[in-house]
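Structural overview
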Amino acid sequence: MTGSAVLPVAPSRGRLRPLGLDEVTITGGFWALRRQVNATATLDHCRDWMERVGWTGNFRAAVEGRIQRDRRGREFADSDVYKLIEAMAWEAHHGSGAALDAQIAALTDTIAPAQEPDGYLNTAFGRPGQQPRYSDLEWGHELYCYGHLIQAGVAQMRARGEGELAKIARRAADHVCAAFGPGGIERVCGHPEIETALVELARATGEQRYLDQAALFVDRRGRHTLAESEFGRAYHQDDVPVREATTLRGHAVRALYLAAGAVDVAVETRDDALLAAVVRQWETAVARRTYLTGGMGSHHRDESFGDDFVLPPDRAYSETCAAVASVMLSWRLLLATGEPHYADLAERTLFNVVATSPSEDGRTFFYANTLHRRRRGTTPAAHAQSPRADSGLRAPWFAVSCCPTNVARTLALLPAYLATADDDGVQLHQYADAELATSLAGGRDVALQVRTDYPSGGSVSVRIDRSPEHPWTLSLRVPAWATGAGARLVDPDGVGRAVTPGTVAVTRRFRPGDEIRLELPVAPRWIAPDPRIDAVRGTAAVQRGPLVYCAESVDLPPGHEVDAVRVNPSVQPQDGPDGSVVASGALVAAPDVRAAESGTPGESTDSAGETDAETDAGTDAGTDAYTHPDTNADGRAGPDADTRWPYAPLDEAAAPVGERADIVLVPYHSWANRGPSTMRVWLPTTPPPPEPPGR
């Protein structure tokens, strides 16, 4: 495949050819704003924090012989420095190149002296007073760190030209091939990542040994080369070989990184059976183990996928890094197969998880992305690391801070996820104000502009700026959410036609100035869960275009939290001001929330800031079963309401009394930007209260 040189993923074959950062520029709208914040705030924020907490200093400590005493951070802290450099390299291609190049050079000067003569590079192992190299492959993350180092090196090669960091990465990769190749250590890393990095290095350099090593790692997975952990072999995806697995399982980020690497290997080795295995795993996981937001992972304890349909909203882990990895996997599958449903999931995940993690100023982040926050969080200290899974409010940094740097690199390379080409034309997969220019087969130059109000509006206009004399095809994805009447395509002649989810194509001899317009119905609509998802049975959610919405307590009357909200799905939700949606519903009597705000004496708190009583993955988040004996006649809690047994005979149960209310909903990605709040995506349904007399 020919085309861009500035690509995070550059397969040599596949159904579609990705357009790179030198071919696509995001010029405005939703993603341009977030990318600007990333470039002007998040990159510096991550760099400053890693210097402050000592993760960058670990390399200096290793060189100066004081690493045993002075090392800071977890065993994988090196990887976050590498991810930051990768983000800087991609961002340097867009602008501020000289300043970012200088920062990359400074970080590289810090890293380079720590590399051993044989290419080994890690600050947590191998030096006096530390564990030996590769003595803890289950948890040590050495190969995982190499993966991010190599990806940073490839980013530098492609975006800025081969520099010193790229040379460091190649030496590390050569070391990996020597240490883990045939006749070497016949094991794998407990955290996949090296696989996709080695394939990309092989693509960038043409060196077959890197691809061969990646294929070895994929084939070794599932052969029980790692010691079994308390979470079971599936946690490390070491339970069954990749080709035999039927779904994504275990630690969510690990599973998704491994699947992405397996796709890369399958594409480059023409292994259709391996590709089919990953397709099968993706399809099953998306159908049974994925949240409405696109988030993946429902277990806090091991950051893992749950069993099929175990998707409790209040216990959603939905790690930001898992969202990044999911987008990586979906993109690779899209390139390999051309099937638009992979872009559908990528869109859902980008708008509702990746965009949710960073705050509006780009300096605080969610690690986990719950769908139901029962208690108002406490503002994290501005100069302290936070527990990684606390999703009450975004935090400036975490003891495990993989997510901020993962978001940074994803936003930096985001234009490369927008469009592709093939011999026949150009395909648009994600919608943003953008300019595209590429060459089709035979040197046919094409340039176009995309103008859209997406996702707040559904109009996508594509203007042709340059076109060859011969016909070619422009294809646009019609999102899976655009079901029912309303989606239309208007061609350059002004002729409109109805379109359905999938791909719509226009083939003609385009002329400069021609315009194609896709009109998508972004009106808010109710979403019902699969009845097999026990935790949200009896609830409904609102989606508007690709955006999932939520209720947030700051939009409720004083004295109410989101658990008081009931909605009436027989009345369609309506657009409200400033991007909000208004749903018809009621507010039931608010319980005494003092205990919920401060914690009941005697309750312990887990790593997510939730009480032990809330950890049952099967608990229905929307239960409000009956009016118990200590409830007043108007439905309001009496003095002993919160201390009574919460169950009653069915024939004595009574629906809570509520008052009709218009419920304001906001985009899920925006929640917790207005201070501490409770929040809920899946809202319990109820018939509306009777109209007052005379109305």
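Above this text sits the structure in question.
About the cut-offs
- Residues numbered from 1 in each chain as written.
- Predicted model: local features only at pLDDT ≥ 70, side-chain atom pairs only at ≥ 80, totals over all residues.
- Heavy atoms only, no water.
- Helix = DSSP H or I, 4+ residues; strand = E, 2+ residues; numbered from the N terminus.
- Polar contact = N/O pair within 3.5 Å; in protein donor to acceptor, adjacent residues only side chain to side chain.
- Contact = heavy atoms within 4.5 Å.
- Pairing = 2+ DSSP bridges.
- Core = buried A, V, L, I, M, F, W, Y, C linked by side-chain atoms within 4.5 Å.
- Buried < 20%, exposed > 50% of the residue type's maximum accessible area, 1.4 Å probe, protein only.
- Expected span 1.5 Å × (residues − 1).
- Axes fitted to C-alpha atoms, helices over the stretch in contact; angles between N-to-C directions.
- Parallel < 35°, antiparallel > 145°, perpendicular 65-115°, else oblique.
- Left-handed = near helix turned anticlockwise from the far one by under 90°.
- Nonpolar A, V, L, I, M, F, W, Y, C, P; charged D, E, K, R; others polar.
- Salt bridge = Lys/Arg side-chain N within 4 Å of Asp/Glu carboxyl O.

Focus: the side chain of Arg-409
With respect to the helices, strands and loops of the structure, Arg-409 is situated in helix H14 (residues 402-413). Side chain to side chain, Arg-409 and Gln-151 meet in a polar contact 3.2 Å long. When sequence neighbours within four positions are dropped, the list of residues in contact with Arg-409 reads Lys-83, Glu-86, Ala-87, Trp-90, His-148, Gln-151, Tyr-257 and Met-328.

Brief notes about the sheet that holds strand E5 (residues 425-428)
Strand order in the open sheet made by the 5 strands is E1-E4-E5-E9-E12, with mixed pairing throughout. Sheet topology places strand E1 (17-18) and strand E12 (502-508) at the edges, where each strand pairs with a single neighbour. Pairing between E5 and strand E9 (residues 472-478): 4 bridges, direction parallel. Paired with Val-426 across the strands is Leu-474, a residue of E9.

Remarks on the nonpolar core
Core analysis: the largest hydrophobic core is formed by 192 residues, its most contacted members being Trp-31, Tyr-146, Leu-428, Leu-474 and Leu-476. Residue contributions to this core peak at 13 residues, all from helix H12 (residues 320-337). Apart from the residues lying within four places of it in its own chain, the contact partners of Leu-428 are Leu-418, Ala-419, Leu-436, Val-450, Val-462, Leu-474, Ser-475, Leu-476 and Arg-477. Formed by 20 residues, the second largest nonpolar core is a distinct cluster that contains Tyr-291, Leu-393, Val-548 and Trp-682.

Examining the pairing of strand E20 (residues 658-667)
Along any regular strand the residues' side chains alternate between the sheet's two faces. In terms of strand pairing, strand E16 (residues 547-552) meets E20 through 3 bridges, oriented antiparallel. Along E20, the bridge assignment pairs Tyr-549 with Pro-667. The sheet contact formed by strand E19 (residues 581-588) and E20 spans 8 bridges and is antiparallel. Residue Gly-585 lies in a different strand from E20, and its bridge partner there is Ala-661.

So, helix H11 (residues 272-288)
Taking 1.5 Å per residue, 17 residues should reach 24 Å; H11 reaches 24 Å between its end C-alpha atoms and fits that length. Buried within H11 we find Leu-274, Leu-275, Ala-277, Val-278, Val-279, Gln-281, Trp-282 and Ala-285. Looking at the buried positions of H11, the neighbouring elements they touch are helix H9 (208-220), helix H10 (252-269), H12 and helix H13 (341-354).

Observations concerning the packing of H9 against H10
Here H9 crosses H10 at 125 degrees, and the two axes come no closer than 10 Å. As judged from the angle between their axes, H9 and H10 are oblique. Taken as a pair, H9 and H10 cross one another with a handedness that is left-handed. Residue-level inspection shows Leu-211, Ala-214, Ala-215 and Val-218 of H9 in contact with H10, the latter providing Gly-261, Ala-262, Val-265, Glu-268 and Thr-269. Considering only residue class, the contact of H9 with H10 consists of 6 nonpolar, 2 polar and 1 charged.

Some remarks on helix H8 (residues 194-205)
Compared with the 16 Å implied by 1.5 Å per residue over 12 residues, the 16 Å span of H8 between its first and last C-alpha is a close match. Most of H8 is tucked away, with 10 of its 12 residues classed as buried. Buried residues belonging to H8 abut helix H6 (142-160), helix H7 (164-180), H9, H10 and H12. Where H8 terminates, the next one or two residues include Gly-206, which has phi positive at roughly 80 degrees.

Quick look at the packing of H11 against H12
Between H11 and H12, the shortest axis-to-axis distance is 12 Å and the interhelical angle comes to 130 degrees. Relative to H12, the element H11 lies oblique. H11 and H12 meet at a crossing whose hand is left-handed. On the side of H11, the interface is formed by Leu-275, Val-278, Val-279 and Trp-282, while H12 contributes Leu-329, Ser-330, Leu-333 and Ala-336.

Some words on the sheet that holds strand E2 (residues 24-28)
Reading across from one edge, E2-E6-E7-E8-E13-E10-E11 is the order of the 7 strands in this open sheet, with antiparallel pairing throughout. Edge strands, defined here as strands with exactly one partner in the open sheet, are E2 and strand E11 (496-498). Going from strand to strand, the sheet's axes swing by 20 degrees on average, the running direction of each strand aside. As judged from the 3 bridges shared by strand E10 (residues 488-490) and strand E13 (residues 515-519), these two strands associate in the antiparallel manner. Paired with Val-490 across the bridge in E13 is Arg-517. Across the face of the sheet, helix H1 (residues 29-52) comes into contact with E2 and strand E6 (433-440) while running at roughly 95 degrees to E2.

Quick notes on the pattern of salt bridges
Within the structure shown, the criterion is met by 50 salt bridges. With a closest N to O distance of 2.5 Å, Glu-51 and Arg-60 form a salt bridge. Here Asp-264 and Arg-332 are joined by a salt bridge, their closest N and O atoms 3.0 Å apart. Of this pair, Asp-264 sits in helix H10 while Arg-332 sits in helix H12, and the two are 68 residues apart along the sequence.

Considerations on the environment of Tyr-668
In this structure, Tyr-668 sits in the loop between E20 and strand E21 (679-680). Tyr-668 sits in the buried class, given a relative accessible area of 0%. Sequence spacing of Tyr-668 and Arg-680 is 12 residues, and the spatial spacing of their C-alpha atoms is 9.0 Å. For Tyr-668, the residues in contact, after removing those within four places along its chain, are Thr-293, Asn-352, Thr-356, Asn-369, Thr-370, Leu-371, Val-548, Tyr-549, Cys-550, Met-679 and Val-681. Reaching out from Tyr-668, the side chain makes a polar contact with the backbone oxygen of Asn-369 at a distance of 3.3 Å.

Considerations on the side chain of Arg-71
Inspection of the secondary structure puts Arg-71 in the loop between helix H3 (67-70) and helix H4 (77-94). In this structure the side chain of Arg-71 is engaged in a polar contact, spanning 3.1 Å, whose partner is the backbone oxygen of Gly-73. Separated by 3.0 Å, the side chains of Arg-71 and Thr-123 make a polar contact.

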